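What the coordinates show
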Amino acid sequence: MLTESTLAYGNFSKTAVVHAATNASQFDYKLPYPSYVGGVLGVPPSVFELVDGFSNCFWGWGAEDDDFYDRLMQKHGSVYRTQHARMISLSANHTDRVSPEYDRNVKLLHNKLTCTSGLADARRYLRNITKNVASSTCDDDVCTVKVYSEFMYE
């Protein structure tokens, strides 16, 4: 999304969650539904930590922002919506709305299945990296280097 009007991204609040894409061209400059927080959302790091970031349960496109809204409401309680910013929606060819991942994401969201995976899990996963391993092979004038990590799970 691009702004049609002046919007100083750097001036977002240090404590409030600010949804700047409330007036987007793709939705006729209206909020498509009350819990919509897609597009442009300013989240202070402290709030992102509080709600445990985005869930790791959603793969591909779809429903992850709605789940994030639920997390915000449960732990933070509010989203400030700018009324003065107008956004031009760039073409986002969401042909994957018919994908198995999209269907799975929507089911996960609407069935309110418990998925508490988020920022804490990602950090735990990264802490468990034990070492990077590299190998290289060369054939004629082409060399290939493979780098991967070995993990130790809790």
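The structure under discussion appears in the preceding block.
Residues numbered from 1 in each chain as written. Predicted model: local features only at pLDDT ≥ 70, side-chain atom pairs only at ≥ 80, totals over all residues. Heavy atoms only, no water.

Thoughts on the packing of aromatic side chains
Let me state the cut-off plainly: Working definition: rings of Phe, Tyr and Trp (its six-membered ring) pair if their centres are within 6.5 Å, and the pair is stacked with planes under 30 degrees apart, edge-to-face with planes over 60 apart, and tilted otherwise. Labels follow the DSSP assignment, with helices taken as runs of H or I lasting at least four residues and strands as runs of E lasting at least two, numbered in each case from the N terminus. Any residue under 20% of the maximum accessible area for its type is buried, any over 50% is exposed, and the rest in between are partly exposed; the area is computed with a 1.4 Å probe on protein chains only. Two conditions define a charge located above a ring, namely a distance within 6 Å from the ring centre to NZ of Lys or CZ of Arg, and an angle within 35 degrees of the ring normal.
Per the counting criterion, the structure on display carries five aromatic pairs. Look at Phe-48 and Phe-68: their rings are 6.0 Å apart centre to centre, the planes differ by 45°, and that puts the pair in the tilted class. Of the two residues, Phe-48 sits in helix 1 (residues 45-50) while Phe-68 sits in helix 2 (residues 64-75), which places them 20 residues apart along the sequence. Residue class for Phe-48 comes out partly exposed when judged on its relative accessible area of 26%. Residue class for Phe-68 comes out buried when judged on its relative accessible area of 1%. Ring geometry for Phe-54 against Phe-68: centres 4.2 Å apart, planes inclined by 20°, an arrangement best described as stacked. One end of the pair, Phe-54, is in the loop between helix 1 and helix 2; the other, Phe-68, is in helix 2, with 14 residues separating them in the sequence. With a relative accessible area of 38%, Phe-54 lands in the partly exposed category. Following the ring pairs from residue to residue traces out a cluster consisting of Phe-27, Tyr-33 and Tyr-36. Stacked on the ring of Tyr-29, the Lys or Arg Arg-86 has its end atom at 3.7 Å from the ring centre.

Quick look at the nonpolar core
In globular proteins that are soluble, nonpolar side chains generally tend to be buried together. Quick note on the threshold: We call a set of buried residues a nonpolar core when its members are Ala, Val, Leu, Ile, Met, Phe, Trp, Tyr or Cys and they connect through side-chain atoms within 4.5 Å of each other. The criterion used for residue contact is that any of the two residues' heavy atoms lie within 4.5 Å.
By size, the foremost hydrophobic cluster in this structure holds eight residues: Val-17, Val-37, Val-47, Val-51, Phe-68, Tyr-69, Leu-72 and Val-79. Element by element, the count of residues in this core is highest for helix 2, at three residues. Beyond its immediate sequence surroundings of up to four residues, Val-47 is in contact with Thr-15, Val-17, Leu-72 and His-76.

Some words on unusual backbone geometry
Of note, Asp-28 is a non-glycine position whose phi angle comes to about 55°, a positive value. Residue position: Asp-28 is located in the loop between strand 2 (18-19) and strand 3 (41-42). Using a relative accessible area of 57% as the deciding quantity, one classes Asp-28 as exposed. A positive phi is found at Asp-52, a non-glycine position, where the angle reads about 70°. With respect to the secondary-structure elements, Asp-52 resides in the loop between helix 1 and helix 2. Asp-52 sits in the buried class, given a relative accessible area of 16%.

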